[in-house]
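Each chain is listed here by its residues.
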Amino acid sequence: MVCKVCGQKAQVEMRSRGLALCREHYLDWFVKETERAIRRHRMLLPGERVLVAVSGGKDSLALWDVLSRLGYQAVGLHIELGIGEYSKRSLEVTEAFARERGLELLVVDLKEAYGFGVPELARLSGRVACSACGLSKRYIINQVAVEEGFRVVATGHNLDDEAAVLFGNLLNPQEETLSRQGPVLPEKPGLAARVKPFYRFSEREVLSYTLLRGIRYLHEECPNAKGAKSLLYKEALNLVERAMPGAKLRFLEGFLEKIRPRLDVGEEVALRECERCGYPTTGAVCAFCRMWDAVYRRAKKRRLLPEEAVFHPKAPVARG
Ligand code: AMP
Ligand code: ZN
Ligand code: ZN
């Protein structure tokens, strides 16, 4: 296989796109494709300041790299979740990446901010770890974005992630949930916009970029992710993709372009301010504050916290 642009030996072959490229032209193509997705969906204004949620994995580090190269003012945010050595190593690679490139990094430490990391939080809240973790990440990312004056947050979700979520949602279809899936979630009062500039790249395409760019990233998966449903859905979709190259992208894009616009979601649910933290919620107290209030009650009963401990929703932000 030879590079479609220069005719030299190809480094990356993309069967689903009928495209093969050498290192140099792959790196160019990847950056241009990202910019195209950003423009097409009006994700960011030229040079806009954007908060990039960075886990230390290949997707979010590649995203931070590409957004910086494209001239966006990309500030990183890493959340230290307290998942043992895995979280320590995640923070280390993220900090090294920022330091080596002179990029601004914000860090929130879950345990420092609220007293417990994900494992204890899961136990004390009675939630499965991924649910407690996901709720915390979403809440904290938004809180930091709003407090630090960012209009928009970018995450490293790729085609495999998005197609797997769509697949899962279609196994138990709910119009409300399906209508909210997409590469752009617009901002609302108290809610930063959320964008996914890599949503059209397969995991393999992002990995190729990361490797060819020489980005050091954390290879391990979160220990809690083992056996997660999303991994089963990804396997199923990859099986289909192998027999029908391009199926994954057609599945997601077809849904976004042809089906989602026709969903009838009725009236949008009204949002009001959480009585505890002031951030938008549908009830009186938001899910994050409810979870932590319950955790504090239980932790006091078990004498893991002193009687006078109070939950403060606002997370302190460190500058790495
Ligand atoms: P995941 O759900 O782990 O596949 O992560 C999806 C996206 O969420 C990543 O691409 C990041 O943008 C963001 N993310 C995940 N974990 C963290 C973290 N610990 N800190 C900041 N952002 C994160
Ligand atoms: Zn080439
Ligand atoms: Zn709240």
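Residues numbered from 1 in each chain as written. Chains lettered and ligands numbered in written order. Predicted model: local features only at pLDDT ≥ 70, side-chain atom pairs only at ≥ 80, totals over all residues. Heavy atoms only, no water.

**Student:** Is there a simple way to explain the UniProt feature "binding site: ATP" (unreviewed entry) in the chain in this structure?
**Tutor:** UniProt feature "binding site: ATP" (unreviewed entry): in the numbering of this structure it lies at A53, V54, S55, D59, I79, G156 and D161. Discounting chain neighbours no more than four positions away, the residues touching S55 are S60, H78, S90 and T94. Structurally, the position occupied by D161 is in helix 7 (residues 159–171). Excluding its chain neighbours within four sequence positions, the residues that come into contact with D161 are G156 and K234. (UniProt positions renumbered as here; feature names shortened; annotations may be inferred. Contact = heavy atoms within 4.5 Å. Helix = DSSP H or I, 4+ residues; strand = E, 2+ residues; numbered from the N terminus.)

**Student:** How should I be thinking about the pattern of salt bridges in this particular structure?
**Tutor:** Between side chains of opposite charge, a pair can form as their charged atoms come close. Taken as a whole, this structure holds 24 salt bridges when the rule is applied. Its salt-bridge partner being E48, residue R151 comes within 2.6 Å of it at the nearest N-O pair. With a gap of 103 residues between them, R151 in the loop between helix 6 (129–147) and strand 6 (152–154) and E48 in the loop between helix 1 (23–40) and strand 3 (49–53) connect regions that are remote in the sequence. Assessed through its relative accessible area of 29%, R151 is described here as partly exposed. Linking K234 and D161 is a salt bridge whose minimum nitrogen-to-oxygen distance equals 2.7 Å. One end of the pair, K234, is in helix 10 (residues 229–243); the other, D161, is in helix 7, with 73 residues separating them in the sequence. We classify K234 as buried; its relative accessible area is 17%. The exposure class of D161 is buried, given its relative accessible area of 17%. (Salt bridge = Lys/Arg side-chain N within 4 Å of Asp/Glu carboxyl O. Buried < 20%, exposed > 50% of the residue type's maximum accessible area, 1.4 Å probe, protein only.)

**Student:** Would you take a moment to explain the site of ligand 1 for this structure?
**Tutor:** Close to ligand 1 lie A53, V54, S55, S60, L77, H78, I79, L81, K137, T155, G156 and H157, which account for all nearby residues. In the environment of ligand 1, a nitrogen atom lies 2.9 Å from a nitrogen or oxygen atom belonging to the backbone of I79. At 3.0 Å, a backbone N or O of G156 approaches an oxygen atom of ligand 1. Burial of ligand 1 by the surrounding chains reaches 75%, relative to a free accessible area of 480 Å². Residue composition of the shell around ligand 1, by class: five nonpolar, six polar and one charged. (Near = heavy atom within 4 Å. Polar contact = N/O pair within 3.5 Å; in protein donor to acceptor, adjacent residues only side chain to side chain. Areas by Shrake-Rupley, 256 points an atom, 1.4 Å probe, with all protein chains shown as cover. Nonpolar A, V, L, I, M, F, W, Y, C, P; charged D, E, K, R; others polar.)

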